[in-house]
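# Coordinate analysis (summary)
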Amino acid sequence: MGAAFPALHAVGSAPLYPPDSKVNGEIVGHGDFRYRVDTHWGQLDPQKVPIDNCHEMVIDSKGRIILLTDEPRNNLIFYDQSGNLLDAFCNRFPGGHGLTLNDEGGEEFLYVTDSGWFHDHKHPNDWKYFSGNGFVSKITMKGELVFNLGHPQTIGVYEKGMPFKPSETAIAPNGDIYVADGYGSCYIIQYDQYGRYIRHFGGRNNSDPNYQLKTAHGVTLDTRNPDELQLIVTSREECSFKFYTLEGRYKKTVTIPGAMVNRAVIHGKNLYAGVCWSQIDGKAKAGTGYITILDENDRVVSNPGGQAPRYKNGELSHQIQEVPFLRHGHDVCVDQDENIYVCQWNGGRTYPMKLERI
């Protein structure tokens with residue numbers, strides 16, 4: 001293991017979009033899944049703990065909520081469930097995008113995906129992004145590096161010139177690592193627990209539509225049926241989740257018309273996901289994010305911030321944002337009381353908020 005990443009706090013910029021008092025306390029959601037919005041949860045002093053994009057969140061065995069940002073002065077921020085700061089450190093992931101927690105024999109590890117897209121932090125109000133090299137890091141909960149997974153070309157999986165800009169990982173019970181090359185070549189790449197290549201599937205130019213992936217933004221281990229574990233892969237441009245076996249065999253597609261979804265998050269029997277954009281007239285419209293919740297039968301049961309789900313003859317109607325309390329919902333995590341915590345990409349440096357289940 002390498003040395004722990006150094007803590008590095010520095011002066012940051014004030015949020016461009018401060019929490020909106022108009023929606024604080026508002027009730028959102030539908031049916032049995034309704035929530036009270038708390039826009040003040042998680043607010044910190046940006047002069048001490050700056051953020052940029054807030055990409056993903058997980059909850060560890062101690063109940064701590066861990067936030068990944070692409071602000072390299074503190075990529076990882078640890079909260080308690082009241083929104084108080086516990087720790088902030090790490091300066092290794094300028095394109096920090098994906099965060100996966102995995103328990104390995106009683107010890108938890110974090111898998112951090114750096115997409116290679118990074119923001120010019122020398123000019124924080126210039127929202128231009130630059131392209132670097134993507135990679136995946138396995139680290140301890142203290143930030144010690146275990147290993148990196150680099151460009152698949154280095155092991156002969158990709159041909160020269162194929163881009164690798166990973167967005168997410170999922171970890172199987174046997175330790176196999178699935179990497180979603182969401183902003184690169186859109187393959188799902190399977191490695192063993194030591195980072196040795198096994199297989200890959202999907203891709204942007206696949207002739208089989210069942211394996212075609214368009215922005216493979218997320219990959220998630222679906223544990224709802226312990227006897228038949230499966231992978232849920234996000235094909236965001238298609239507003240879809242595609243389901244595969246752990247060996248990469250296609251099973252089904254679940255499409256949510258109009259919802260450009262990010263990674264699937266499994267809690268209990270339900271699937272939760274942040275919606276980055278509402279798709280209007282076939283295009284993503286900026287600032288139109290919300291959250292969607294599906295039951296075990298793949299039916300949308302609630303859209304906090306979005307329109308109520310409407311089914312006609314078994315088909316889900318097109319959905320868009322209705323209550324604009326989110327700009328771009330990038331990820332959610334769900335606690336033991338079924339409260340939702342949501343963070344945003346391109347949210348104007350706003351910290352995560354809480355949706356309290358009612």
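Quick caveat, the model's predicted, so the values are computed rather than measured.

## Comments concerning the overall build of the chain
Assigned secondary structure in the chain consists of 0 helices and 31 strands. On C-alpha atoms alone, the chain measures out to a radius of gyration of 19 Å, which is about the 21 Å that the 2.2 N^0.38 rule sets for 358 residues. Across its three principal axes, the chain shows a C-alpha extent of roughly 55 × 55 × 40 Å. Of all 358 residues assigned to the chain, the portion counted as buried reaches 55%. Contacts spanning at least 24 positions in sequence make up 50% of the contacts within the chain whose residues lie at least 6 apart. Carbon and sulfur atoms make up 47% of the accessible area of the chain, which totals about 14,700 Å². Each charge class in the chain can be summarised by its mean position, and for the 35 positive and 43 negative side chains these summaries are 4 Å apart.

## A look at the side chain of threonine 292
Along the polypeptide, threonine 292 turns up in strand E25 (residues 290-294). For threonine 292, the side chain forms a polar contact with the side chain of asparagine 303, separated by 2.8 Å. In this view, threonine 292 contacts Ile256, Val261, Leu271, Tyr272, Ala273, Val275, Val300, Ser302 and Asn303; residues no more than four positions away in its chain are not counted.

## Observations concerning the sheet that holds strand E31 (residues 353-357)
Reading across the sheet, the 5 strands line up as E1-E2-E31-E30-E29 and stay open at both edges, with antiparallel pairing between neighbours. What marks the edges here is a single partner per strand, and that holds for strand E1 (27-30) and strand E29 (329-334). Across the sheet, the axes of successive neighbouring strands diverge by a mean angle of 30°, strand direction being ignored. For E1 and strand E2 (residues 33-38), the ladder comprises 4 bridges, and the chain directions are antiparallel. Bridging from a neighbouring strand, isoleucine 27 pairs with arginine 36 of E2.

## Quick notes on the packing of aromatic side chains
Under the criterion given, the structure shown has 12 aromatic pairs. With a centroid separation of 5.6 Å and an interplanar angle of 20°, the aromatic rings of phenylalanine 78 and phenylalanine 89 are classed as stacked. Of this pair, phenylalanine 78 sits in strand E5 (residues 76-79) while phenylalanine 89 sits in strand E6 (residues 85-89), and the two are 11 residues apart along the sequence. In terms of burial, phenylalanine 78 and phenylalanine 89 fall into one category: buried.

## Quick word on the confidence of the model for the chain
The share of residues in the chain with pLDDT of 70 or more is 94%, and the mean pLDDT across the chain is 93. Note on residues 1-11: pLDDT under 50 across the span, and 38 contacts to partners over four residues away in sequence or across chains.

## Looking at the sheet that holds E5
In spatial order, the strands read E3-E4-E5-E6; together these 4 strands make up an open sheet with antiparallel pairing. The strands lining the two open edges of the sheet, one partner per strand, are strand E3 (54-59) and E6. Taken over all neighbouring pairs, the strand axes of this sheet differ in orientation by 20° on average, direction set aside. Here E5 pairs with E6 via 4 bridges, running antiparallel. Looking across to E6, one finds that isoleucine 77 is bridged to alanine 88.

## Quick notes on the state of the cysteines
This structure, assessed with the given rule, holds 0 disulfides. Of all cysteine sulfurs, the one in cysteine 343 lies closest to cysteine 54, which takes part in no disulfide; the gap is 6.1 Å. A relative accessible area of 0% means that cysteine 54 is categorised as buried. Among the cysteines around cysteine 276, which has no disulfide bond, cysteine 343 carries the closest sulfur, lying 10 Å off.

## Here we look at unusual backbone geometry
Both trends apply: most residues other than glycine have a negative phi, and most peptide bonds are in trans. For cysteine 186, which is not glycine, the phi dihedral falls at a positive 65°. The backbone phi angle of aspartate 298 is positive, close to 70°, even though this residue is not glycine. Relative to the helices and strands, aspartate 298 is located in the loop between E25 and strand E26 (300-302).

Reading the values: rules and limits
- Residues numbered from 1 in each chain as written.
- Predicted model: local features only at pLDDT ≥ 70, side-chain atom pairs only at ≥ 80, totals over all residues.
- Heavy atoms only, no water.
- Helix = DSSP H or I, 4+ residues; strand = E, 2+ residues; numbered from the N terminus.
- Rg over C-alpha atoms; globule rule 2.2 N^0.38 Å.
- Buried < 20%, exposed > 50% of the residue type's maximum accessible area, 1.4 Å probe, protein only.
- Contact = heavy atoms within 4.5 Å.
- Areas by Shrake-Rupley, 256 points an atom, 1.4 Å probe, with all protein chains shown as cover.
- Lys, Arg positive; Asp, Glu negative; His and termini not counted.
- Charge placed at Lys NZ, Arg CZ, Asp CG, Glu CD.
- Polar contact = N/O pair within 3.5 Å; in protein donor to acceptor, adjacent residues only side chain to side chain.
- Pairing = 2+ DSSP bridges.
- Axes fitted to C-alpha atoms, helices over the stretch in contact; angles between N-to-C directions.
- Phe/Tyr/Trp six-rings, centres within 6.5 Å; stacked < 30°, edge-to-face > 60°.
- pLDDT = per-residue confidence, 0-100.
- Disulfide = S-S within 2.5 Å.

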